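Coordinate inspection notes
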Amino acid sequence: MHQDVESIMFTKEQIAARIGELAAQLDKEYAGKTPLMVGILKGSVMFYADLLRAMTIPVEMDFIAISSYGSGAKSSGEVKLIKDLDRKIEGKDVIIVEDIIDSGYTLSYLKRNLYARKPESVKICALLDKYSRRVVPIEADYKGFDCEDEFVVGFGLDYAERYRNLPYIGVLKRSVYEK
Ligand code: PRP
């Protein structure tokens, strides 16, 4: 896989250090509470696993899967729930854990959807923020890094389902996706 990467945007050491800082911030802000950490499959899995293990307060885990309709789906903003949470979230402090915010469609849909279930609170924790690509106004409450508008892969992020298990976040060579 490494030969398909043009450059490394964030090394595994940088990612680990930043996740440690985010975990400490969440520990502090949610002290005395047991937040429900909602991971969005599949991209957030690496971030989710490392973030939760770096936290020291008790947490609950659950996952949700969302799919976009067809190839033009992202631009149309149509999203669909394909795997829902296992349990009710009424009265809970929910933290959505996401790998990247791009257009913002996914999280804006999800925030609306979760709020309708009457949780105590809903916050967003995203590893990467591609702010320049935003179409709908949505902000991360906790953010790892700002990300340039490049084709990034690794640490959960894929191209055609590959590269998710790269231990760093890198920029994919154009020759790979322009074949
Ligand atoms: C990616 C990413 C976010 C979403 C962000 O998921 O994990 O969920 O896109 O884009 P948006 O802000 O434009 O909505 P993807 O649909 O590629 O699925 P994956 O997590 O399985 O890779």
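Everything numeric here is computed off the predicted structure, so don't read it as measured data. (Residues numbered from 1 in each chain as written. Predicted model: local features only at pLDDT ≥ 70, side-chain atom pairs only at ≥ 80, totals over all residues. Heavy atoms only, no water.)

**Observations concerning the overall build of the protein**
The secondary structure content of the protein amounts to five helices and nine strands. Of the regular secondary structure in the protein, the N- to C-terminal order runs β-α-β-α-β-α-β-β-α-β-β-β-β-α. For the protein, the C-alpha radius of gyration of 16 Å lies close to 16 Å, the compact-globule estimate for 179 residues. With respect to the three principal axes, the spread of C-alpha positions in the protein is 50 × 35 × 25 Å. Every one of the 179 residues in the protein was classed for burial, and the buried ones make up 47%. When contacts within the protein are restricted to residue pairs at least 6 apart in sequence, those whose partners lie at least 24 apart make up 65%. The centroid of the 26 positive side-chain charges in the protein is displaced by 3 Å from the centroid of its 28 negative side-chain charges. (Helix = DSSP H or I, 4+ residues; strand = E, 2+ residues; numbered from the N terminus. Rg over C-alpha atoms; globule rule 2.2 N^0.38 Å. Buried < 20%, exposed > 50% of the residue type's maximum accessible area, 1.4 Å probe, protein only. Contact = heavy atoms within 4.5 Å. Lys, Arg positive; Asp, Glu negative; His and termini not counted. Charge placed at Lys NZ, Arg CZ, Asp CG, Glu CD.)

**Some words on the environment of Asp 129**
When you line up the elements, Asp 129 lands in strand E6 (residues 121-129). A relative accessible area of 1% places Asp 129 in the buried class. Put simply, Asp 129 and Glu 148 are 19 residues apart on the chain and 8.5 Å apart in space, counted from C-alpha to C-alpha.

**Quick word on the packing of aromatic side chains**
Both the distance between ring centres and the angle between the ring planes are used here to describe each pair of aromatic rings. Following the criterion strictly, the structure yields five aromatic pairs and no others. Ring centres of Phe 10 and Phe 145 lie 4.0 Å apart, and the angle between their planes is 15°; on these two criteria the pair is classed as stacked. One end of the pair, Phe 10, is in strand E1 (residues 5-10); the other, Phe 145, is in strand E7 (residues 142-146), with 135 residues separating them in the sequence. The exposure class assigned to Phe 145 is buried, which follows from its relative accessible area of 14%. If you follow Arg 162 out to its NZ or CZ, it ends over the ring of Tyr 163, 5.2 Å from the centre. (Phe/Tyr/Trp six-rings, centres within 6.5 Å; stacked < 30°, edge-to-face > 60°. Lys NZ or Arg CZ within 6 Å of the ring centre and 35° of its normal.)

**Here's the deal with the packing of helix H1 (residues 12-29) against helix H2 (residues 45-54)**
One way to put it is that H1 packs onto H2 with a least axis distance of 8 Å and a crossing angle of 55°. The angle between H1 and H2 falls in the class oblique. Classified by chirality, the crossing of H2 by H1 is right-handed. Between H1, through Ile 19, Leu 22, Ala 23, Leu 26 and Asp 27, and H2, the contact on the second element is made entirely by Phe 47, Asp 50, Leu 51 and Ala 54. Residues belonging to the contact of H1 with H2 are distributed by class as follows: seven nonpolar, no polar and two charged. (Axes fitted to C-alpha atoms, helices over the stretch in contact; angles between N-to-C directions. Parallel < 35°, antiparallel > 145°, perpendicular 65-115°, else oblique. Left-handed = near helix turned anticlockwise from the far one by under 90°. Nonpolar A, V, L, I, M, F, W, Y, C, P; charged D, E, K, R; others polar.)

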